[in-house]
Amino acid sequence: MIGLWLAACAWLLAGRAGAIAAMRMPDSDDALRLLQVRDWLGGQGWFDLRQYRLDPPAGADIHWTRLVDLPLAAIIVPLRPLVGVAMAEMVAAAAVPLVTLLAAMAVLAALARRLIVPAAWWWAPLLLLLASPVMGMMAPLRIDHHGWQIVLVLTTMLGLTAADRRRGGMLAGLAIAASLTIGVEMLPYLVLAVVLAALAWVVDAREGVRLRWLCGAAGVGVAIGLIGFVPAGQRFAGTCDALSAAYALPLWAGGTMLAVATIWSAVRFEAWRGGVGSIAEAVHAVGKSGPDRGRSGSVGARVGDRDAGTGAGCGSHIPIRDRVGFDETDQRLARAPAIDQVDTTGREIADAGASRPLHAGRWNTASVQAAGTCGVDRHRARLAWRGSMGARPGGAETSVTDAGNQAAGRIGRACWLVAAGLAVAAGLLAGGGGTCLIDPYHAVDPAARALWLDRVSEALPLWRQGAEVFWASLALPLIGLAGAAMMGRRGPRRAWGMMLAMGALSIVLALVSTRAAVAAQALALPGAAALGWHGRARLAASGSMIVRVFGSVVLFLCVSAIAPRLLVATLAATPPGRTDAAAEAGDAACMAPRALAALDVLPAATMLATIDATPALLLHTHHRGLAGPYHRNGRAIADTMRAWGGTPAAARAIVRRHAIDFVIACGEPAEAQLYDRRAPDGFHARLMRGEVPGWLVRVRVPGTPWHVWRVRGAG
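Here is a short report on the structure shown in this document.

The rules behind the values
- Within every chain, residues take consecutive numbers counted from 1 along the sequence as written.
- With pLDDT at 70 or above as the cut-off, local features in this predicted model cover only qualifying residues; side-chain atom pairs require 80 or more to be listed or tallied, and sums for whole chains, interfaces and linings still use all residues.
- Based on all heavy atoms of the structure, the side-chain values leave hydrogens and waters out of the count.
- Counting from the N terminus, the helices are DSSP H or I runs at least four residues long and the strands are E runs at least two residues long.
- Buried means the residue's accessible area, taken with a 1.4 Å probe over protein chains only, is under 20% of the maximum for its type, while exposed means over 50%, and partly exposed covers the values in between.
- Contact criterion: two residues are considered in contact whenever any of their non-hydrogen atoms come within 4.5 Å of each other.
- Exposure was quantified through the Shrake-Rupley algorithm and a 1.4 Å probe, taking into account, for residues, occlusion by the shown protein chains and nothing else.
- Helices are assigned an expected span. That span is 1.5 Å times one less than the residue count.
- Two N or O atoms form a polar contact when they lie within 3.5 Å of each other; inside protein one atom must be a possible hydrogen donor and the other a possible acceptor, and for residues adjacent in sequence the pair counts only when both atoms belong to side chains.
- Cysteine sulfur atoms that pair up within 2.5 Å are treated as a disulfide.
- Two strands are said to pair when DSSP picks up at least two bridges between them.
- Axes here refer to lines fitted to C-alpha atoms; in helices the fit is confined to the stretch in contact. Angles between the N-to-C directions go from 0 to 180 degrees.
- Roughly parallel here means an angle under 35 degrees, roughly antiparallel means over 145, roughly perpendicular means 65 to 115, and every remaining angle is called oblique.
- Two helices cross in a left-handed way if the nearer one is turned anticlockwise from the farther one by less than a right angle. They cross in a right-handed way if the turn is clockwise.
- Ten residues, namely Ala, Val, Leu, Ile, Met, Phe, Trp, Tyr, Cys and Pro, are considered nonpolar, four, namely Asp, Glu, Lys and Arg, are considered charged, and the remaining ones, Gly among them, are considered polar.
- Should a side-chain nitrogen of Lys or Arg be within 4 Å of a carboxyl oxygen of Asp or Glu, the pair is scored as a salt bridge.
- Residues enter a nonpolar core if they are buried and are Ala, Val, Leu, Ile, Met, Phe, Trp, Tyr or Cys, with the set joined through side-chain atoms within 4.5 Å.
- What makes a patch is a set of residues exposed beyond 30% relative accessible area and free of salt bridges, joined within 9 Å when like-charged and within 5 Å when nonpolar (Val, Leu, Ile, Met, Phe, Trp, Tyr).
- Think of it this way: a Phe, Tyr or Trp ring, Trp meaning its six-membered ring, pairs with another when their centres are within 6.5 Å, and the plane angle makes it stacked under 30 degrees, edge-to-face over 60, tilted otherwise.
- Positive charges come from Lys and Arg, negative ones from Asp and Glu, while His and the chain ends are left out of the count.
- Charged side chains are reduced to one point each, which is NZ for Lys, CZ for Arg, CG for Asp and CD for Glu.

A word on the overall build of the protein
Regarding its fold elements, the protein presents 33 helices and five strands. Counting across all 715 residues of the protein, residues that qualify as buried make up 52%. Taking contacts inside the protein between residues at least 6 apart in sequence as the whole, the part at least 24 apart equals 72%. Looking at the protein as shown, the accessible area adds up to about 29,900 Å², and 64% of this sits on carbon and sulfur atoms.

Shown next as C-alpha cells:
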C-alpha cells in the first residue's frame, strides 16, 4: 500500500507543482485555515478563533477548532528556523493532505480485508485514487477539515465492523469524538453509526462489548474535545454549528444509559448461557462420536493443532473463514482444544495455531451440513451448535425454552434502547439541542441567509444541480450500494448491513445537500471494491483470454464509476457558455497570489472585495477585509452583498459604516456575475462599466488585474 500511496503522491505533486509553488489555495476555507494557523503560531490564543482582520475592529468569529491545525503546526514549527516561514507553510500545505490520503487508504484497505477477503485489500485504496471528488479533498493544499472528516467516518465504520469488539468499539467512539470536535457536519453519519451499533446489540447480546466501549470512548473523547478545543464561553452556550452542550449532553445521557444497559444485559446473558467449557466439550463429543471416522478423519480438527491445515483430519478439507465480531469469550472458545474448523464460507486456515480465532457463534446451518460431510451425525452437530449458544442438553423442550429466553433478552434490550432514546431527548432539551435539530442555522443573520446561505451552490439539493452533476455524483454511491447489497448475501451480513445502511443514508443526504455527495462516494468504496474483486474472480475463471483481459478492463471502468461518468458527460453535458469561461478566466487571473500580493504597495487598509476573494486577500497581503464566506460573519456578509448589488448611495453608506478605505474588484468571477445579474444597474455593474461615483478615486496599481478605488476622506 505504501508503494501505491507514494505513486499517488508523485502524481498529485507533479500535477499541482505550479499551484504549490505559488501557494494558490484551492478554496477560501484552505486560505483561512492557513491564516488561522499563522495567527496562532504568531501569538494568538489557543481558544481565540476570531479572525481580527475580517470585519475589523471586532473581527469575525470562526466556528472551527484547533484540532485540524495541529498537523500543520507540527510541520511548520520545526521547519521555520531551517527554511523560513513561507517555505515551511508550503511544505505543510502540500504534505498534510497527503498524510490524510494515506490514512484514508489505510482505513479502506483494512475495511476491504475485513469485509471481502484479505487479498482484496488493494481494491478500495485504488478506487479511492480514481474517485476525483474524494481525492479533491485530500490533494496538496487542501488543508481544510473535510478530508479528515471523511477519514473519521470511514474509521467509525471500521470500528463497527472490527473483529475485536472491544478495540472496534473504542476506535469507533474515538473517531466519533474527533469528528464532533472538528465540526458537526458529519453528525447524521455519526448518529446512524451509534444506532447501528445499538441495534446490533439488540439482536446479539455479545455486541454489547462493542457498544459499551463505543459509548465510553465517545463520551470521554467529547469531554476532552470540549475542554481542550472549545472556548469556555461556548461550551454550554448551546451553539449549533460546533461542539457544545447541545450535542455533548445528549451523547453523554444516551451513552451512559446504553453502557449501563450493556453491563446489565451481559450479566444476565452470562448467567443464562452458563460456562464456556461445556461448549468445547459438546463439540468435542460430536467429533469423537461420528460414524465412519476413519474414512475422512476426525471432524475435531483443533485450533491449536499444527497439523490442522496439512491434511490431518477433516478440518483441513473443510475450510474456515474468520468472521466479524468476536470478544474475549469467543477467543476462549476458539482456543478450546476441540473446536472444529467448519464454517460457511469455504476458506482454509493453513496454520490454525497462528490463525485468527474461530468465531464459535458461526457454527450454523451450513456448518452442520459441512460437519455431515465429515462423517458426523448432523443431529449431533445441531445439538453441539445449540450448546455453543448456551443451550443445555434436554431435547426439544430445552430448545424451546432457550429460544424463548433469547427472544425475551432481545425485547429487554430493545426496551433499554428506547430508554436510551428518551435519555437523548432529555439531553437535547437540557442542552438546547432541540433547536439545532429544527434549524441548525437559526443564529445566522436573516439577511445573510436570504442573500447568501440559501443560495450557496454546494448547499443546494443535488437534483437542482443539473443532470450531469446529479448522475456523476451518484454513480459511485449507487455502485457501492449494489456491492454492499450483494455482499450482504455472501459476506458477513451484519457488517455489510451496516455499510448498506450508511450508504443509503449518504445518498439521501446527497439528494438533500450536494456537499454530502463526497462522503457518499467515500462510503461507497468498500462496496465497489467487493464488486470488483468478485467480478474479477469470475472473469479469471473464464477459458477465453479475450473475456479475461477485456472483461477485466470493462469491469474496472464500471466499478470505479469512470465509464458511467464518461457516459453522463457524453449524454448530459452542456458546453460552457461565455459567462462560465469568463468566470474561470477571471478567477485564475484575479486569485493568483502574485496579483493579490501586488496590492501590498498600498498601505495596510480595510478593503471591500467580493466575499469569496477576501480570505485569499488576507492570506497574501497585509490588508483587512469586510466579509468572508463564514456564516457567523452574517451581518458583514449581508452588508457586502447589499453594497455590491445596491445603488452607489447605499454602497457609500455601508462603506462609511465599516470604515472601508479601498474598494477593489477584478474580472468576472462567479460571485461578481451574480451581482450583475441581480442588479444590472447596481454598484458593481456600474463600476465595471466605468461609471465611478464621485466618492471614489481610481488608484493605479501595477502588476495586478485588480481595479482599485480609494474612498474619499478615508483614513
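A few points about helix H9 (residues 165–182)
For H9, with 18 residues, the first-to-last C-alpha span of 26 Å sits near the 26 Å given by 1.5 Å per residue. Within H9 the residues assigned to the buried category are Arg165, Gly168, Gly169, Ala172, Gly173, Ala175, Ile176, Ala177, Ser179, Leu180, Thr181 and Ile182. Residue Asp164 occupies the N-cap position of H9, its side-chain oxygen lying 3.1 Å from the main-chain nitrogen of Arg166.

Looking at the state of the cysteines
Tallied over the full model, the rule gives two disulfides. Disulfide partner of Cys240: Cys436, at an S-S distance of 1.9 Å. Every disulfide takes its handedness from the sign of the S-S torsion; for Cys240 and Cys436 that torsion is -80 degrees, giving left-handed. Separated by 196 residues along the polypeptide, Cys240 in the loop between helix H12 (232–235) and helix H13 (245–273) and Cys436 in helix H20 (residues 433–438) bring together distant segments of the chain. Using a relative accessible area of 5% as the deciding quantity, one classes Cys240 as buried. Between the sulfur of Cys590 and that of Cys666 lies a disulfide, 1.9 Å long from S to S.

Concerning the sheet that holds strand E2 (residues 624–625)
Strand order across the open sheet formed by five strands is E2-E1-E3-E5-E4, with mixed pairing between neighbours. Looking at which strands have only one partner, the edges of the open sheet turn out to be E2 and strand E4 (696–699). Pairing between strand E1 (residues 606–608) and strand E3 (residues 662–665): two bridges, direction parallel. In the sheet register, Met607 faces E3, and the bridge partner there is Phe662.

Quick word on the packing of H9 against helix H11 (residues 208–229)
Any two packed helices are characterised by how steeply their axes cross, that is the angle between the axes, and by the distance between the axes. Running from N to C, H9 and H11 point in directions that differ by 30 degrees, and their axes come no closer than 7 Å. Between H9 and H11, the angle is such that the two are roughly parallel. In this structure, H9 meets H11 at a crossing whose hand is right-handed. For the pair H9 and H11, contact is made by Arg165, Arg166, Gly168, Gly169, Met170, Ala172, Gly173, Leu174, Ile176, Ala177, Leu180 and Thr181 and by Val209, Arg210, Trp213, Leu214, Ala217, Ala218, Gly221, Val222, Gly225 and Phe229, respectively. In the contact of H9 with H11, the residues fall into 13 nonpolar, six polar and three charged.

A word on the pattern of salt bridges
Under the defined criterion, the tally for this structure stands at 20 salt bridges. As a salt-bridge pair, Arg167 and Asp164 come within 3.9 Å of each other at their nearest N and O atoms. Exposure remark for Arg167: the relative accessible area of 64% places this residue in the exposed category. The network of salt bridges with shared partners includes Arg165, Asp204, Arg206, Glu207, Arg210 and Arg494.

Brief notes about the environment of Arg656
Residue placement: Arg656 occurs in helix H31 (residues 648–657). Each C-alpha atom of the pair Arg656 and Ala714 lies 8.5 Å from the other, and the pair is 58 residues apart in sequence.

Quick notes on the nonpolar core
Ranked by internal contacts, the top residues of the largest apolar core, which has 97 residues, are Leu101, Leu128, Ile150 and Leu180. When residues no more than four places from it in sequence are discounted, the contact partners of Ile150 are Val134, Met137, Met138, Met186, Val518 and Ala522. Ala31, Ile62, Val68 and Trp148 belong to the second-largest nonpolar core, a separate cluster that totals 30 residues.

With respect to unusual backbone geometry
With omega at 5 degrees, the peptide bond leading from Pro56 into Pro57 counts as cis. Tracing the chain through its elements places Pro57 in the loop between helix H3 (28–41) and helix H4 (69–83). Phi at Asp55 is positive, roughly 50 degrees, even though this residue is not glycine. Of note in the backbone geometry, Leu141 takes a positive phi value of approximately 80 degrees without being a glycine. In this structure, Leu141 sits in the loop between helix H7 (132–136) and helix H8 (146–161). The buried category is assigned to Leu141, whose relative accessible area is 2%.

With respect to a nonpolar patch on the surface
A surface patch of nonpolar side chains, amounting to about 350 Å² of accessible area, comprises Leu82, Val83, Met87 and Val91. Where the nonpolar patch is concerned, the elements lending two or more residues are H4 and helix H5 (85–115).

Some remarks on the packing of aromatic side chains
Counting across every chain of the model gives eight aromatic pairs. Summarising the aromatic geometry, the rings of Trp46 and Phe229 are spaced 5.5 Å apart at their centres and angled 45 degrees between planes, so their arrangement reads as tilted. Remark: Phe229 occurs in helix H11 and Trp46 occurs in the loop between H3 and H4; sequence separation between them is 183 residues. A centroid spacing of 5.8 Å and a plane angle of 90 degrees characterise the contact between Trp64 and Tyr630, whose relative ring orientation is edge-to-face.

With respect to the pairing of strand E5 (residues 707–711)
As defined by bridge partners, E3 adjoins E5 across four bridges and the pair is classed as antiparallel. Bridge assignment links Ala665 to a residue of E5, and that residue is His707. In this structure, E4 lies alongside E5, joined through four bridges in antiparallel fashion. Counted as the bridge partner of Val697 is Arg710 from E5.

Here's the deal with the packing of H8 against helix H24 (residues 517–540)
One can describe the packing of H8 onto H24 by two numbers: an axis separation of 10 Å at closest approach and a directional angle of 40 degrees. Put simply, H8 runs oblique to H24. For H8 against H24, the interelement crossing comes out right-handed. Together, Ile150, Val153, Leu154 and Met157 of H8 and Val518, Ala522 and Leu523 of H24 make up the contact between the two elements. Of the residues belonging to the contact of H8 with H24, the class tally is seven nonpolar, no polar and no charged.

Some thoughts on a positive patch on the surface
On the surface, a cluster of positive charge is made up of Arg489, Arg490, Arg493 and Arg538. Considering the arrangement of structural elements, one finds Arg493 in helix H23 (residues 493–512).

What to know about the side chain of Ser179
Within the secondary structure layout, Ser179 lies in helix H9. Among all residues touching Ser179, those that are not within four sequence positions of it are Gln149, Leu152, Met186 and Leu190.

Looking at H4
Taking 1.5 Å of rise per residue, 15 residues should cover 21 Å, and H4 covers 20 Å from first to last C-alpha, within 8% of that figure. Along H4, the residues that are buried comprise Asp69, Leu72, Ala73 and Ile76. Summarising the contacts, the buried residues of H4 are in contact with H3 and H5. Looking one or two residues past H4, Gly84 carries a phi angle of roughly 95 degrees, positive in sign.

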